[in-house]
Amino acid sequence: MIDQGHAASDSGEQFGVVLLHRFEFISNQSLVNETVAALAANSAVPLRLMVDAYSEGALADAIQEFGRGKFEPQQKLNHPEFIGLLRSAAFVVTD
(Lines give C-alpha, C1' and ligand atoms only; values in the text may rest on other atoms or scores of the structure.)
Protein backbone atom coordinates (compact mmCIF):
# COMPACT_ATOMS: atom_id res chain seq x y z
CA MET A 1 0.00 0.00 0.00
CA ILE A 2 1.14 3.56 -0.71
CA ASP A 3 1.74 5.97 2.17
CA GLN A 4 -0.24 9.17 2.58
CA GLY A 5 2.75 11.47 2.01
CA HIS A 6 2.88 15.21 2.66
CA ALA A 7 0.74 17.92 1.11
CA ALA A 8 3.40 20.61 0.77
CA SER A 9 7.11 20.92 1.30
CA ASP A 10 7.86 22.47 4.67
CA SER A 11 11.60 21.97 4.22
CA GLY A 12 11.92 24.34 1.26
CA GLU A 13 13.32 21.54 -0.91
CA GLN A 14 12.35 21.54 -4.56
CA PHE A 15 10.12 18.81 -5.92
CA GLY A 16 8.00 18.02 -8.94
CA VAL A 17 4.37 16.93 -8.94
CA VAL A 18 3.32 14.04 -11.20
CA LEU A 19 -0.32 13.21 -11.92
CA LEU A 20 -0.77 10.13 -14.14
CA HIS A 21 -4.37 9.03 -13.98
CA ARG A 22 -6.13 8.73 -17.33
CA PHE A 23 -7.67 5.33 -18.14
CA GLU A 24 -5.86 5.11 -21.48
CA PHE A 25 -2.55 5.60 -19.69
CA ILE A 26 -3.04 3.53 -16.53
CA SER A 27 -4.44 0.57 -18.46
CA ASN A 28 -1.21 0.27 -20.49
CA GLN A 29 1.38 -1.04 -18.00
CA SER A 30 4.28 -0.88 -20.48
CA LEU A 31 3.55 2.83 -21.06
CA VAL A 32 3.32 3.40 -17.30
CA ASN A 33 6.68 1.64 -16.79
CA GLU A 34 8.33 3.59 -19.62
CA THR A 35 7.02 6.91 -18.31
CA VAL A 36 8.03 6.27 -14.70
CA ALA A 37 11.51 5.19 -15.83
CA ALA A 38 11.92 8.31 -18.00
CA LEU A 39 10.77 10.63 -15.23
CA ALA A 40 13.08 8.97 -12.68
CA ALA A 41 16.06 9.18 -15.05
CA ASN A 42 15.51 12.81 -16.04
CA SER A 43 14.31 14.62 -12.93
CA ALA A 44 16.88 16.45 -10.84
CA VAL A 45 14.44 16.72 -7.93
CA PRO A 46 12.23 14.26 -6.02
CA LEU A 47 8.79 13.64 -7.52
CA ARG A 48 5.47 13.64 -5.66
CA LEU A 49 3.29 11.13 -7.50
CA MET A 50 -0.44 11.58 -6.92
CA VAL A 51 -2.29 8.25 -6.67
CA ASP A 52 -5.82 7.02 -6.05
CA ALA A 53 -7.42 3.60 -5.70
CA TYR A 54 -7.70 3.27 -9.48
CA SER A 55 -4.06 4.06 -10.35
CA GLU A 56 -2.31 2.78 -7.23
CA GLY A 57 -1.56 -0.76 -8.45
CA ALA A 58 -0.09 0.15 -11.82
CA LEU A 59 1.93 3.04 -10.41
CA ALA A 60 3.20 1.16 -7.34
CA ASP A 61 4.48 -1.68 -9.53
CA ALA A 62 6.27 0.75 -11.85
CA ILE A 63 7.83 2.68 -8.97
CA GLN A 64 9.17 -0.51 -7.40
CA GLU A 65 10.78 -1.59 -10.65
CA PHE A 66 11.85 1.67 -12.30
CA GLY A 67 11.57 4.63 -9.94
CA ARG A 68 12.57 3.50 -6.47
CA GLY A 69 14.00 6.36 -4.43
CA LYS A 70 12.86 9.06 -6.85
CA PHE A 71 9.09 9.06 -6.24
CA GLU A 72 7.10 9.88 -3.13
CA PRO A 73 3.59 8.50 -3.71
CA GLN A 74 0.88 10.75 -2.32
CA GLN A 75 -2.84 10.10 -1.94
CA LYS A 76 -5.10 12.61 -3.63
CA LEU A 77 -5.66 15.83 -1.71
CA ASN A 78 -8.67 18.07 -1.33
CA HIS A 79 -8.71 20.97 -3.78
CA PRO A 80 -7.13 23.70 -1.59
CA GLU A 81 -4.32 21.35 -0.49
CA PHE A 82 -3.70 20.27 -4.08
CA ILE A 83 -3.48 23.89 -5.26
CA GLY A 84 -0.99 24.58 -2.45
CA LEU A 85 1.08 21.59 -3.54
CA LEU A 86 1.08 22.78 -7.16
CA ARG A 87 2.14 26.28 -6.10
CA SER A 88 5.08 24.84 -4.14
CA ALA A 89 6.25 22.57 -6.98
CA ALA A 90 9.20 23.32 -9.23
CA PHE A 91 7.25 21.74 -12.11
CA VAL A 92 4.17 19.62 -12.84
CA VAL A 93 3.80 16.62 -15.19
CA THR A 94 0.39 15.21 -16.08
CA ASP A 95 -1.18 13.00 -18.67
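About the thresholds
- Residues numbered from 1 in each chain as written.
- Predicted model: local features only at pLDDT ≥ 70, side-chain atom pairs only at ≥ 80, totals over all residues.
- Heavy atoms only, no water.
- Pairing = 2+ DSSP bridges.
- Helix = DSSP H or I, 4+ residues; strand = E, 2+ residues; numbered from the N terminus.
- Axes fitted to C-alpha atoms, helices over the stretch in contact; angles between N-to-C directions.
- Contact = heavy atoms within 4.5 Å.
- Phe/Tyr/Trp six-rings, centres within 6.5 Å; stacked < 30°, edge-to-face > 60°.
- Lys NZ or Arg CZ within 6 Å of the ring centre and 35° of its normal.
- Buried < 20%, exposed > 50% of the residue type's maximum accessible area, 1.4 Å probe, protein only.
- Core = buried A, V, L, I, M, F, W, Y, C linked by side-chain atoms within 4.5 Å.

A closer look at the sheet that holds strand β1 (residues 16–19)
Then comes step 1: The strand order across the open sheet built from 4 strands is β3-β2-β1-β4, with neighbouring strands paired in parallel fashion. Looking at the sheet topology across the chains shown, the edges are occupied by β3 (71–75) and β4 (91–94). Across the sheet, the mean angle from the axis of one strand to that of its neighbour is 25°, orientation sign disregarded.
Then comes step 2: Judged from the 5 bridges that link them, strand β2 (residues 47–51) and β3 form a sheet pairing that is parallel. Within β3, the position partnered with R48 by the bridge is E72.
Then comes step 3: Strands in contact with helix α2 (residues 29–42) are β1, β2, β3 and β4; relative to β3, the strand with the most contacts, it is inclined by about 125°.

What about the packing of aromatic side chains?
Then comes step 1: Tallied over the full model, the rule gives 1 aromatic pair.
Then comes step 2: Its guanidinium or amino end placed over the ring of F15, R48 lies 4.2 Å from that ring's centre, counting from NZ or CZ.

As for the environment of V17
Then comes step 1: Following the sequence through the fold, V17 ends up in strand β1.
Then comes step 2: Of the residues examined, V17 reaches a relative accessible area of 1% and is grouped as buried.
Then comes step 3: In sequence terms V17 and L85 are 68 residues apart; their C-alpha atoms lie 7.9 Å from each other.

A short note on the nonpolar core
Then comes step 1: Judged by nonpolar contacts, the single largest core of 16 residues is most densely connected at V18, L20, V32, L49, L59 and F71.
Then comes step 2: Of all the secondary-structure elements, those providing two or more residues to this core are α1 (23–26), α2, β2 and α3 (56–67).
Then comes step 3: Setting aside residues up to four positions removed in sequence, V32 forms contacts with F25, I26, A58, L59 and A62.
Then comes step 4: Counting residues in each nonpolar core, the second largest holds 8 residues, with F15, L77, L85 and A89 among its members.

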